[in-house]
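Structure at a glance
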Amino acid sequence: MQIIEVTGYAVRSAVITMRRKGSPLEFVIFPMVHVASPTFYSQVRLRLRECDLVVLEGIRGRSAGVSALTLAYRFAPRRRRNGLQEQREDLLLPEGVPVVNPDVTAAEAMADLRTLPRWMYLLLMVGAPVMGLVFALRGPRAFLDVDGEIEDLPSTLRAEMLADSPVEHAMTDRRDRRLLDALGEIEAEHGDERFRVAVVYGAAHVPAIVSGLWDRYGYRPREAEWLTVLVPA
């Protein structure tokens, strides 16, 4: 199942609705990217209005290390000619819909990254700002890279290696467990209700979300809708 599709002319994100037989509860998963066209965020916001609860990604607290990593995507929107925006809560969250954030703290995120070999950790911290400058200079076309594609099951050896890299595990494993535990609590509370839960998390987390909801709680993908993330000029 495709989650992020990259073609020669656009990047698209698949909004996935998961249901379980015998339960009216729905989980609607929004695979997010940190930088996109303003239209993408407005389309997500419109759909969040139809939900009863938003489960939102976002590392809580601040640290110099987390700020350094986010430079990988914070530079690109600052060039007006790129026509891109950075993902922000005020662009996404409609008024009146409750929001919960089960994500890790900045201290926990950095503790996980420091379990990497020292050379790998240093390369990551130095490389993130450099990649941010590259994205800013190249503009939207920097995102038309096949490595940006995400599927629930990697379809190539390279995609499998990237998904199973130590860096990817350090950045996502604890956060994915925390999220799935929170979704389980929501399911236990609202499983017998007609209730729509939006899961607004980075696309890299979505394979774990889909497999976790399926394996733990019996929810399966039933519908998908493509949203255009960006179209380079």
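Going by the structure above, here's the rest.
Overview of the structure. Every value quoted in this text rests on a predicted model; they were computed, and no experiment measured them.

**Description of the overall build of the chain**
- Each helix and strand counted, the chain has eight helices and 10 strands in total.
- Scored against the burial criterion, the 233 residues of the chain give a buried share of 47%.
- For the chain, the exposed surface amounts to about 12300 Å²; the carbon and sulfur share of it is 54%.

**Some points on helix α7 (residues 166-190)**
- Given a rise of 1.5 Å per residue, 25 residues ought to cover 36 Å, and the 36 Å separating the end C-alpha atoms of α7 matches this to within 8%.
- When the local axis directions of α7 are compared, the greatest deviation, roughly 35 degrees, occurs at Thr-172.

**A look at a negative patch on the surface**
- Taken together, the side chains of Asp-52, Glu-189, Asp-192 and Glu-193 make up a negatively charged region of the molecular surface.
- On the secondary structure map, Asp-52 appears in the loop between α1 (38-48) and β5 (53-56).

**Let's talk about the pairing of strand β1 (residues 2-6)**
- Most of β1 sits out of view: four of its five residues are buried.
- As paired strands, β1 and strand β8 (residues 150-151) are joined by two bridges and run antiparallel to one another. Along β8, the bridge assignment pairs Ile-4 with Ile-150.
- Across three bridges, the pairing between β1 and strand β2 (residues 11-19) is antiparallel. Looking at β2, one finds that Glu-5 is bridged to Arg-12.
- Linking two consecutive strands that pair antiparallel, namely β1 and β2, is a turn of four residues.

**Structural notes on the environment of Trp-214**
- By the element assignment, Trp-214 lies in helix α8 (residues 206-217).
- Using a relative accessible area of 38% as the deciding quantity, one classes Trp-214 as partly exposed.
- Along the primary structure Trp-214 and Arg-20 are separated by 194 residues, whereas in three dimensions their C-alpha atoms are 8.8 Å apart.
- Trp-214 has contacts with Met-18, Tyr-219, Arg-220 and Pro-221, leaving out every residue within four places of it along the chain.

**A short note on the packing of α7 against α8**
- Where α7 contacts α8, the two axes come as close as 10 Å, and the packing angle between them is 45 degrees. Considering their axes alone, α7 and α8 lie oblique with respect to each other. For the pair α7 and α8, the sense of crossing is right-handed. Of α8, the residues touching α7 (which contributes Asp-176, Leu-179, Leu-180, Asp-181, Leu-183 and Gly-184) are Ala-208, Ile-209, Gly-212, Leu-213, Arg-216 and Tyr-217.
- A per-class count over the contact of α7 with α8 returns seven nonpolar, two polar and three charged.

**A short note on the pattern of salt bridges**
- In the structure shown here, the tally under the stated rule is 14 salt bridges.
- We note a salt bridge from Asp-103 to Arg-175, for which the minimum N-O separation is 2.8 Å. Of the two residues, Asp-103 sits in the loop between β7 (99-100) and α4 (106-113) while Arg-175 sits in helix α7, which places them 72 residues apart along the sequence.
- Taking relative accessible area as the criterion, Arg-175 reaches 11% and is therefore assigned buried.

**Describing the side chain of His-190**
- By secondary structure assignment, the location of His-190 is in helix α7.
- Residue contacts for His-190: discarding those within four places in its chain leaves Leu-25 and Phe-195.

**A word on the side chain of His-205**
- Along the chain, His-205 turns up in the loop between β9 (196-202) and α8.
- We classify His-205 as buried; its relative accessible area is 3%.
- Setting aside anything within four residues of it in sequence, one finds His-205 in contact with Glu-57, Met-171, Thr-172, Arg-175 and Asp-176.

**Things to note about the packing of α4 against α7**
- Between α4 and α7, the least distance of the axes is 8 Å, while the angle of their chain directions is 135 degrees. Of the possible angle classes, the one that applies to α4 and α7 is oblique. Handedness of the crossing formed by α4 with α7: right-handed. Contacts between α4 and α7 pair Glu-108, Asp-112 and Leu-113 from the former with Ala-170, Met-171, Arg-174 and Arg-178 from the latter.
- Partitioned by chemical class, the residues of the contact of α4 with α7 number three nonpolar, no polar and four charged.

Rules used in this analysis
- Residues numbered from 1 in each chain as written.
- Predicted model: local features only at pLDDT ≥ 70, side-chain atom pairs only at ≥ 80, totals over all residues.
- Heavy atoms only, no water.
- Helix = DSSP H or I, 4+ residues; strand = E, 2+ residues; numbered from the N terminus.
- Buried < 20%, exposed > 50% of the residue type's maximum accessible area, 1.4 Å probe, protein only.
- Areas by Shrake-Rupley, 256 points an atom, 1.4 Å probe, with all protein chains shown as cover.
- Expected span 1.5 Å × (residues − 1).
- Bend = angle between axes of the 7 residues up to and from the residue.
- Patch = residues over 30% accessible without salt bridge, like charges linked within 9 Å, V, L, I, M, F, W, Y side chains within 5 Å.
- Salt bridge = Lys/Arg side-chain N within 4 Å of Asp/Glu carboxyl O.
- Lys, Arg positive; Asp, Glu negative; His and termini not counted.
- Charge placed at Lys NZ, Arg CZ, Asp CG, Glu CD.
- Pairing = 2+ DSSP bridges.
- Contact = heavy atoms within 4.5 Å.
- Axes fitted to C-alpha atoms, helices over the stretch in contact; angles between N-to-C directions.
- Parallel < 35°, antiparallel > 145°, perpendicular 65-115°, else oblique.
- Left-handed = near helix turned anticlockwise from the far one by under 90°.
- Nonpolar A, V, L, I, M, F, W, Y, C, P; charged D, E, K, R; others polar.

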